[in-house]
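Structure at a glance
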Amino acid sequence: MSHEHRDNGPRRVGQVKEVTSLANPIIKDIKALSDKKTREQSGTFMAEGLKLVIDAIELGWTIRTLVYAKAAKGKPLVEQMAAKTVASGGLVLEVSEKVLSSITRRDNPQMVVGVFENRWKPLRDIRPAKGETWIALDRVRDPGNLGTIIRTADAAGASGVILVGETTDPFSLETVRATMGSVFAMPVSRATPEEFIAWKKQAGVFLVATHLAGSVDYRTIDYKAKPVVILMGNEQSGLPEQLAREADALARIPQQGLADSLNLAVASAVMMFEARRHLLSLTEAK
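About the thresholds
Residues numbered from 1 in each chain as written. Predicted model: local features only at pLDDT ≥ 70, side-chain atom pairs only at ≥ 80, totals over all residues. Heavy atoms only, no water. Pairing = 2+ DSSP bridges. Helix = DSSP H or I, 4+ residues; strand = E, 2+ residues; numbered from the N terminus. Axes fitted to C-alpha atoms, helices over the stretch in contact; angles between N-to-C directions. Buried < 20%, exposed > 50% of the residue type's maximum accessible area, 1.4 Å probe, protein only. Phe/Tyr/Trp six-rings, centres within 6.5 Å; stacked < 30°, edge-to-face > 60°. Lys NZ or Arg CZ within 6 Å of the ring centre and 35° of its normal.

Taken in spatial order, the 5 strands line up as E1-E4-E3-E5-E2 in an open sheet, and their pairing is mixed. Looking at which strands have only one partner, the edges of the open sheet turn out to be strand E1 (17-19) and strand E2 (44-48). Between one strand axis and the next, the sheet turns through 25° on average, direction left out of account. In the sheet, strand E3 (residues 63-69) pairs with strand E5 (residues 112-117) via 5 bridges, with the strands oriented antiparallel. Following the sheet pairing, threonine 65 is matched in E5 by valine 115.

Okay, structure coming up:
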């Protein structure tokens, strides 16, 4: 990506750039963020929708570019985000709906898109305290599943998400959409299986893994004594033996009926809310 709009000389501070051409190089750069390799090389990603942009900016994420449709011009919240983008050194683009549709690959796009710097929490910096719950996901493949799990972890009061092995990208447009903004509130870390195992051995955590061969009812586990890490396996193949044998408890969710398994996001939600049941109450809910 050229990023000429952010690297070359002083920015046109306070000026909104109007773009109507799909061939504009800045638009091409933004559209390229649909590719995982480009996101990793540039360290940036897209978030679609005014709510997500507001969440990200208010939580201190660095915005590089704010894109909004002409029809959104003059709306107070959009103007506020544009002002904050310029103040932080970002670029603001006013575009046609045709351009916005090409960026988001949707016929009826949201009126606002933000390009943000991504943020990974180093695994070595995660030192869970008592009462904390983390969820670790082995080779999660589906962007909708990952986004829903990040959103659920946020709702359950978990402390963050650890991605183990080759996983789908939490900063893909599909995953970010599915998080409904929680990707900006939840620390996300990543590790190889070997790094995760080494971290677990010294982190002082209680590792609960769900496994089809698990012999422990997930409702009978003591989630109070230590910080808890819930480890969920891949959608198709479940947990590999390498990770399963590191668990302090191999748990199973009892089931009836014809379904042979739960969707990964649903199973993760069941586990997280059970692990945090003793910490959650309606009186404290916001």
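Following the sequence through the fold, tryptophan 61 ends up in the loop between helix H4 (50-58) and E3. Classification of tryptophan 61 by relative accessible area gives buried; the value is 7%. A C-alpha to C-alpha distance of 7.1 Å links tryptophan 61 and glutamate 117, two positions 56 residues apart in sequence.

This part covers unusual backbone geometry. Despite not being glycine, arginine 139 shows a phi value in the positive range, around 50°. Position of arginine 139 among the secondary structure elements: in the loop between strand E6 (133-138) and helix H7 (143-156). The backbone phi angle of methionine 180 is positive, close to 55°, even though this residue is not glycine. Inspection of the secondary structure puts methionine 180 in the loop between helix H8 (173-179) and strand E8 (188-191). Since its relative accessible area comes to 42%, methionine 180 is described here as partly exposed.

A separate point is the packing of aromatic side chains. A complete count under the given rule lists 9 aromatic pairs for this structure. Residues tryptophan 61 and phenylalanine 184 carry aromatic rings whose centres are separated by 5.1 Å and whose planes lie at 80° to one another, so their mutual orientation is edge-to-face. With tryptophan 61 in the loop between H4 and E3 and phenylalanine 184 in the loop between H8 and E8, this pair connects stretches of sequence that are 123 residues apart. Among the aromatic residues, those joined into a ring-pair cluster are Phe45, Trp61, Phe116, Trp120, Phe171 and Phe184. Here the guanidinium or amino end of arginine 119 rests over the ring plane of tryptophan 61, the centre of that ring lying 4.3 Å away. When the ring centre of tryptophan 120 is taken as reference, the NZ or CZ atom of arginine 190 above it lies at 3.9 Å.

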